[in-house]
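Next come the chains, spelled out residue by residue.
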Amino acid sequence: IRNGIKSIGKYAFYGMTTLKTIILPGSISLISDYGIANCQSLDQVIYLNSKSPEFGTGVFEGCKENISIYGPLSFEGNFNGKEVILASYRAGRYSYAYFNSSNGNMFVYGFGLTYDITTSNKQPWYSKSTEIKSIHFTYGIQSIGTHFISSSKSLETVSLPETVTFIGNNSFTN
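Residues numbered from 1 in each chain as written. Predicted model: local features only at pLDDT ≥ 70, side-chain atom pairs only at ≥ 80, totals over all residues. Heavy atoms only, no water.

Visitor: What is the right way to look at the overall build of the protein chain in this model?
Guide: Secondary structure assignment for the protein chain yields zero helices and 15 strands. The buried share of the protein chain, reckoned over its 174 residues, is 43%. Taking all contacts inside the protein chain whose residues are at least 6 apart in sequence as the whole, residues at least 24 apart take part in 41%. When the accessible surface of the protein chain is totalled, it reaches about 8,600 Å², and 47% of it is carbon and sulfur. (Helix = DSSP H or I, 4+ residues; strand = E, 2+ residues; numbered from the N terminus. Buried < 20%, exposed > 50% of the residue type's maximum accessible area, 1.4 Å probe, protein only. Contact = heavy atoms within 4.5 Å. Areas by Shrake-Rupley, 256 points an atom, 1.4 Å probe, with all protein chains shown as cover.)

Visitor: For this particular structure, what's the right way to read the packing of aromatic side chains?
Guide: For any pair of aromatic rings, the description rests on two quantities: the centre-to-centre distance and the angle between the ring planes. All chains considered together, the criterion is met by four aromatic pairs. On the basis of an interplanar angle of 55 degrees and a centroid distance of 5.2 Å, the ring pair of Phe 137 and Phe 148 is categorised as tilted. With Phe 137 in strand 12 (residues 134-137) and Phe 148 in the loop between strand 13 (141-144) and strand 14 (157-159), the pair connects residues that are 11 residues apart, well separated along the chain. Phe 148 shares its class with Phe 137; the two are buried. Taking the centre distance of 6.3 Å and the plane angle of 85 degrees together, the rings of Phe 137 and Phe 172 count as edge-to-face. Separated by 35 residues along the polypeptide, Phe 137 in strand 12 and Phe 172 in the segment after strand 15 (166-167) bring together distant segments of the chain. Taking relative accessible area as the criterion, Phe 137 reaches 5% and is therefore assigned buried. The class for Phe 172 is partly exposed, based on a relative accessible area of 28%. Ring pairing ties together the aromatic residues Tyr 11, Tyr 14 and Tyr 34, which thus form one cluster. (Phe/Tyr/Trp six-rings, centres within 6.5 Å; stacked < 30°, edge-to-face > 60°.)

Visitor: Which parts of the structure should I look at to understand the environment of His 136?
Guide: With respect to the element layout, His 136 can be found in strand 12. Sequence separation of His 136 and Ala 97 is 39 residues, and the distance between their C-alpha atoms is 9.4 Å. Once residues lying within four places of it in the same chain are set aside, the contact partners of His 136 are Asn 105, Met 106, Phe 107, Val 108 and Ser 159. At 3.1 Å, the side chain of His 136 forms a polar contact with the side chain of Ser 134. (Polar contact = N/O pair within 3.5 Å; in protein donor to acceptor, adjacent residues only side chain to side chain.)

Visitor: Would you mind going over the state of the cysteines with me for this structure?
Guide: Disulfides are covalent bonds that link the sulfur atoms of two cysteine residues. Scanning the entire structure with this criterion turns up zero disulfides. Not engaged in a disulfide, the cysteine Cys 39 finds its nearest cysteine sulfur in Cys 63; these two sulfurs lie 5.1 Å apart. With a relative accessible area of 0%, Cys 39 lands in the buried category. Residue Cys 63 is classed as buried on the basis of its relative accessible area of 8%. (Disulfide = S-S within 2.5 Å.)

Visitor: Is there a simple way to explain the environment of Phe 13 in this structure?
Guide: Within the secondary structure, Phe 13 is located in the loop between strand 1 (7-8) and strand 2 (21-24). With 26 residues separating them along the chain, Phe 13 and Cys 39 place their C-alpha atoms 7.4 Å apart. When residues no more than four places from it in sequence are discounted, the contact partners of Phe 13 are Ile 1, Ile 8, Leu 19, Gly 35, Ile 36, Ala 37 and Cys 39.

Structure follows, in structure tokens:
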């Protein structure tokens, strides 16, 4: 998509089953309803701006669960049928987490850093902390921030990929 385009319209890329990568220029400020939905081969979305665009309904509905997203695409709510409980951007690197309330699994996707949290009650998922049973960090996460999940009494499993090289203070206490 060339720079200067301001929005992606409704159903613009809908059902493009061979599309693997989308690079969104910094000029994009809106991705309309179902704009990228049902792109079943989509592996990565790269957004070249410091500010997140506005999202319509079902933007990534029907896409893979493990799309790599780079850039400050900050959102909460529902992403690909999963509840998003964290969206963070720091130093050009992006991570986000999905929580499945039916089984207590949380998956952290992205590249680079998760951010530092000053206290456990400031965690974006604090209200879900008694439900989180496992956290799976995916390949690409390099650093786990301070107080990442320090308030969870129900956490049983943490899986870390080989890309993690740093775990912050009190990241998994309690």
